[in-house]
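Okay, here's what each chain looks like letter by letter:
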Amino acid sequence: TPLDCDDALPGCKLTGVGSLLIKVIDINEEPTLYDETRYIEEHSEIDSLVGERLAPSDPDINDKISTEIVGGNSDKIFNLESCSGQITLAKNVLDFEERNTYVLDVRVSDRASLSMVGKITVEVLDINEKPSLSGAEFSVVENLPTGTVIGPVLNSDDIDFGHKSRLQFSITGG
């Protein structure tokens, strides 16, 4: 029977030295794309950049990542450059007053086809558009007292939300 070092020889320590090779095998992990928001002004031109490039990541060193829009772009309003992750405008149709938010499903994939889908929200920024005024022609007799109403109220409109009630008018000539 083997002797227990502590029982046979008090204070005895048995030690040994040897080599051990541990090989860590890398497994492929999926890339990551966090939900993000990008901004673009309404009425932007085709090929305008929609905010900064997307920033997917992959824990695997030197893995090539590609991106593609897989949902939320049925009207093909946006393009996504697969390698750079830059979203651009494909159609000049952005109008804040019509629709001010788009949610794109973007898939990021690595060389081994591992992937995930992140949500990219595109918010359309409102720009101040000029109001419209329907002109009219009025005839008045001279020497009317100050404050006399001449003609009906002019038709005016401002498509920017909340601006119609703030329109101000002045006579600039004539």
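Residues numbered from 1 in each chain as written. Predicted model: local features only at pLDDT ≥ 70, side-chain atom pairs only at ≥ 80, totals over all residues. Heavy atoms only, no water.

Draft legend 1. Representation of the packing of aromatic side chains. Evaluated as defined, the whole model comprises one aromatic pair. With a centroid separation of 5.3 Å and 75° between ring planes, the pair formed by F78 and Y102 is classed as edge-to-face. With F78 in strand 3 (residues 78-80) and Y102 in strand 5 (residues 101-109), this pair connects stretches of sequence that are 24 residues apart. (Phe/Tyr/Trp six-rings, centres within 6.5 Å; stacked < 30°, edge-to-face > 60°. Helix = DSSP H or I, 4+ residues; strand = E, 2+ residues; numbered from the N terminus.)

Draft legend 2. Just the sheet that holds strand 1 (residues 36-41), in detail. Judged by pairing direction, the sheet is mixed, and its four strands sit side by side in the order 1-6-5-2 without closing on themselves. In this open sheet, the two edge strands, each paired with only one partner strand, are strand 1 and strand 2 (66-71). Between one strand axis and the next, the sheet turns by 35° as a mean value, whatever way the strands run. The sheet contact formed by strand 5 and strand 6 (residues 115-125) spans nine bridges and is antiparallel. When the bridges of strand 6 are listed, S109 appears paired with S115. (Pairing = 2+ DSSP bridges. Axes fitted to C-alpha atoms, helices over the stretch in contact; angles between N-to-C directions.)

Draft legend 3. Quick look at the pattern of salt bridges. What the rule picks out here adds up to four salt bridges. Residues E68 and R107 are paired through a salt bridge, measuring 3.6 Å at the closest nitrogen-oxygen approach. A residue pair is termed long-range when its members are at least 10 positions apart, and E68 in strand 2 and R107 in strand 5 qualify at 39 residues. You can call R107 partly exposed: its relative accessible area is 30%. The salt bridge involving D105 is made with K119; its shortest N-O contact spans 2.6 Å. Of this pair, D105 sits in strand 5 while K119 sits in strand 6; the two residues are 14 residues apart in sequence, bridging distant segments of the chain. (Salt bridge = Lys/Arg side-chain N within 4 Å of Asp/Glu carboxyl O. Buried < 20%, exposed > 50% of the residue type's maximum accessible area, 1.4 Å probe, protein only.)

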